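Listed below are the residues making up each chain.
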Amino acid sequence: MPCEADPATADGALPGLVPPGLRSELVAFRRDLHMHPELGNREFRTTAAVRARLEKAGLRPRTLAGGTGLICDIGRDGASYASAGRPVLALRADLDALPIPDTKTVPYRSTVPKMAHACGHDVHTTVVLGAGLVLAGLAEEGLLPNPVRLVFQPAEEVLPGGALDTIANGALEGVGRILAVHCDPKVEVGRIGLRAGAITSACDRLEVALTGNGGHTARPHLTTDLVTAAARVAVDVPATLARRVDARSGLSVTWGRLETGHACNVIPQRAEVAGTVRCLDLRTWREAPDLVHAAVDEVATLHRAKSEITYVRGVPPVVNDTETTALLRSAMTARRGRYAVEDTEQSLGGEDFSWYLEHVPGAMARLGVRPVGDTTPRDLHCGDFDVDEGAIEVGVELFTAAALLDGGARMP
């Protein structure tokens, strides 16, 4: 698709770098978000902070119907671009934090008890905000080839994900392609990880309640031994499923909670086991509820327990579009050279960015946040999670380069 203006500057360099003043402002903005985390669908302060900064730049963001999350178009007129066949490039961020304590000892440590940005959503939000501010300046200069939409989504951590509500609020109207980044503590700052095809897994929530006759531990033969039954469900259900699906599908049931009983000499009448169901491909994900129900029922029945299963559909895998992945590779190469891009593996983590990709092509990159030379093992969803804040500038410049190099994707 032809561009309105050549995105190159007079000296041939790709514009859209982060000015020093904005760089320090974005770090401060991220730290403010980090100190004031909010859970899914409660991100009112976060939404207000993003909105205020966009409005200060002369943009007109629109808050979503639920009061959290917002959408902001950049370009002369997003609607007229789309009506003229100029598809919008969307940049997506997620706003919410996690209900876990922040265990770091840094000046910007969370001020909210038992709540932390332990997945990097504060970084994602700051990156998209920064990209929007830079792109708004380029649009004023006539250097933005296609309109861009900033999508600040609530409740990514709440299954089945705030992406569905965000899409229902019109986030993808006129969009031809969508991009996102996710912090990766295994990738060194200054680099991104890319993969065409599935980069995350499907993720569902599973809760199993077992009931039966309780009694004295001296007479287990007169009871339904629910402690043993719960233990067998926890062990045997994953093992059973491993023999009923293609091993290449990566179906995995992992338990995060097992609760039963209150006294050492009393066999309880109820036990609960809860966890997640993850798999690497769409076909197995669609079959998973029936397979899991059958396996749980078989194991529970063998131990004379009644089972009540709550299976909550989560998210499908994030499947990166090949063309969009190539765009991100070109953008990062233009900014920092081809060695700044590394191939990455598919993970069993879930991400509701997948819902956008059910409608339009797009891709998610893994944004390196590990300090150079740091060998300390860190992971997402841990209380000590932190990032090298140089990753913010990297993410902003990745997105601005992609916006300048994007020739427009096919319209949905």
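Values in this document were obtained by computation on a predicted structure and should not be read as measured data.

1. Digging into the overall build of the protein chain
Tallying secondary structure elements over the protein chain gives 10 helices and 16 strands in all. The C-alpha atoms of the protein chain give 24 Å as radius of gyration, which agrees with the globular expectation for 412 residues (22 Å, within 12%). Projected onto its principal axes, the C-alpha positions of the protein chain cover 85 × 45 × 45 Å. A burial count over the protein chain gives 52% of its 412 residues as buried.

2. Focus: helix 2 (residues 44-56)
The first and last C-alpha atoms of helix 2 sit 18 Å apart over 13 residues, in line with the 18 Å expected at 1.5 Å per residue. Every buried residue of helix 2 is accounted for by T46, T47, V50, R53 and L54. For helix 2, the arc enclosing every buried residue in end-on projection is 135 degrees, short of the 170-degree limit, so these residues lie on one face. On its buried side, helix 2 packs onto helix 1 (20-35), strand 1 (62-63), strand 2 (70-74), helix 4 (121-140) and strand 4 (148-153). Remark: G58 follows helix 2 within two positions and exhibits a positive phi of approximately 85 degrees.

3. A look at the packing of helix 4 against helix 10 (residues 390-405)
At a minimum axis separation of 8 Å, helix 4 and helix 10 run at an interaxial angle of 45 degrees. The angle between helix 4 and helix 10 falls in the class oblique. For the pair helix 4 and helix 10, the crossing hand works out as right-handed. For the pair helix 4 and helix 10, contact is made by V123, T126, V127, V128, G130, A131, V134, L135 and L138 and by A391, I392, G395, V396, F399, T400, A403 and L404, respectively. For the contact of helix 4 with helix 10, the residue count by class is 13 nonpolar, four polar and no charged.

4. Overview of the sheet that holds strand 8 (residues 202-211)
Read from one edge to the other, the open sheet built from four strands follows the order 10-12-8-13, with strand pairing classed as antiparallel. Only two strands of the sheet have a single neighbouring strand rather than two, namely strand 10 (252-260) and strand 13 (306-315). Each strand axis lies, on average, 15 degrees off the axis of its neighbour in the sheet, ignoring direction. Both strand 8 and strand 13 contribute to a ladder of eight bridges, which runs antiparallel. Across the sheet, the residue bridging to L206 is Y311, located in strand 13.

5. A few points about the confidence of the model for the protein chain
Of the residues in the protein chain, 93% reach a pLDDT of 70 or more, and the chain-wide mean stands at 92. Confidence drops under pLDDT 50 across residues 1-5; counting only partners more than four residues distant or on other chains, this segment forms 13 contacts. Below a pLDDT of 50 lies the segment residues 78-83, which in the model reaches 10 contacts outside its immediate sequence neighbourhood of four places, other chains included.

6. Some thoughts on the environment of E156
In this structure, E156 sits in the loop between strand 4 and helix 5 (163-168). C-alpha of E156 to C-alpha of L95: the two residues are 61 residues apart in sequence and 7.6 Å apart in space. Among residues more than four places away in sequence, those in contact with E156 are R92, D94, D96, H121, G161, G162, G350, E351 and D352.

7. Points about helix 7 (residues 282-302)
Here helix 7 contains 21 residues, and its C-alpha end-to-end distance of 31 Å stays within 8% of the 30 Å for a straight helix at 1.5 Å per residue. Within the sequence span of helix 7, burial applies to T284, W285, A288, P289, V292, A295, V296, V299 and A300. Contacts made by the buried residues of helix 7 are with strand 8, helix 6 (226-242), strand 12 (270-279), strand 13 and helix 9 (354-357). N-cap assignment for helix 7: the residue whose side-chain oxygen lies 3.2 Å from the backbone N of R283 is D281. R304, located one to two residues past helix 7, shows a positive phi value of around 60 degrees.

8. Quick look at the pattern of salt bridges
As a working rule, side chains carrying opposite charge can pair if their charged atoms are close by. The tally for this structure, following the rule as stated, stands at 28 salt bridges. Here D321 makes a salt bridge to R177, at a shortest N to O gap of 4.0 Å. Taken as a pair, D321 in the loop between strand 14 (319-320) and helix 8 (322-336) and R177 in strand 5 (residues 175-188) lie far apart in primary sequence, 144 residues in all. Across the pair, exposure class does not vary: D321 and R177 are buried alike. Through salt bridges with shared partners, a single network forms among R30, R31, D122, D386 and E389.

9. Looking at the packing of aromatic side chains
The tally for this structure, following the rule as stated, stands at two aromatic pairs. Each ring, one from W285 and one from W355, has its centre 6.4 Å from the other, and the planes form 65 degrees; the classification is edge-to-face. On the criterion of sequence distance, the pair formed by W285 in helix 7 and W355 in helix 9 is long-range, its members being 70 residues apart. Neither W285 nor W355 differs from the other in exposure class; each is buried. A ring pair is formed by F353 and Y356, whose centres lie 5.8 Å apart and whose planes are at 45 degrees; its orientation type is tilted. Residue F353 is classed as buried on the basis of its relative accessible area, which comes to 0%. The exposure class of Y356 is buried, given its relative accessible area of 0%. Over the aromatic face of W285 sits the side chain of R313, whose NZ or CZ is 4.1 Å from the ring centroid.

10. What to know about unusual backbone geometry
Most peptide bonds adopt trans geometry, and most residues besides glycine take a negative phi value. That bond from L159 to P160 is cis: its omega, 5 degrees, falls within 30 degrees of zero. The topology assignment puts P160 in the loop between strand 4 and helix 5. Its identity as a non-glycine residue notwithstanding, K114 has a phi of 60 degrees, on the positive side. Counting through the fold element by element, K114 comes out in the loop between strand 3 (88-94) and helix 4.

Conventions we followed
Residues numbered from 1 in each chain as written. Predicted model: local features only at pLDDT ≥ 70, side-chain atom pairs only at ≥ 80, totals over all residues. Heavy atoms only, no water. Helix = DSSP H or I, 4+ residues; strand = E, 2+ residues; numbered from the N terminus. Rg over C-alpha atoms; globule rule 2.2 N^0.38 Å. Buried < 20%, exposed > 50% of the residue type's maximum accessible area, 1.4 Å probe, protein only. Expected span 1.5 Å × (residues − 1). Arc of directions from axis to C-beta. Contact = heavy atoms within 4.5 Å. Axes fitted to C-alpha atoms, helices over the stretch in contact; angles between N-to-C directions. Parallel < 35°, antiparallel > 145°, perpendicular 65-115°, else oblique. Left-handed = near helix turned anticlockwise from the far one by under 90°. Nonpolar A, V, L, I, M, F, W, Y, C, P; charged D, E, K, R; others polar. Pairing = 2+ DSSP bridges. pLDDT = per-residue confidence, 0-100. Polar contact = N/O pair within 3.5 Å; in protein donor to acceptor, adjacent residues only side chain to side chain. Salt bridge = Lys/Arg side-chain N within 4 Å of Asp/Glu carboxyl O. Phe/Tyr/Trp six-rings, centres within 6.5 Å; stacked < 30°, edge-to-face > 60°. Lys NZ or Arg CZ within 6 Å of the ring centre and 35° of its normal.

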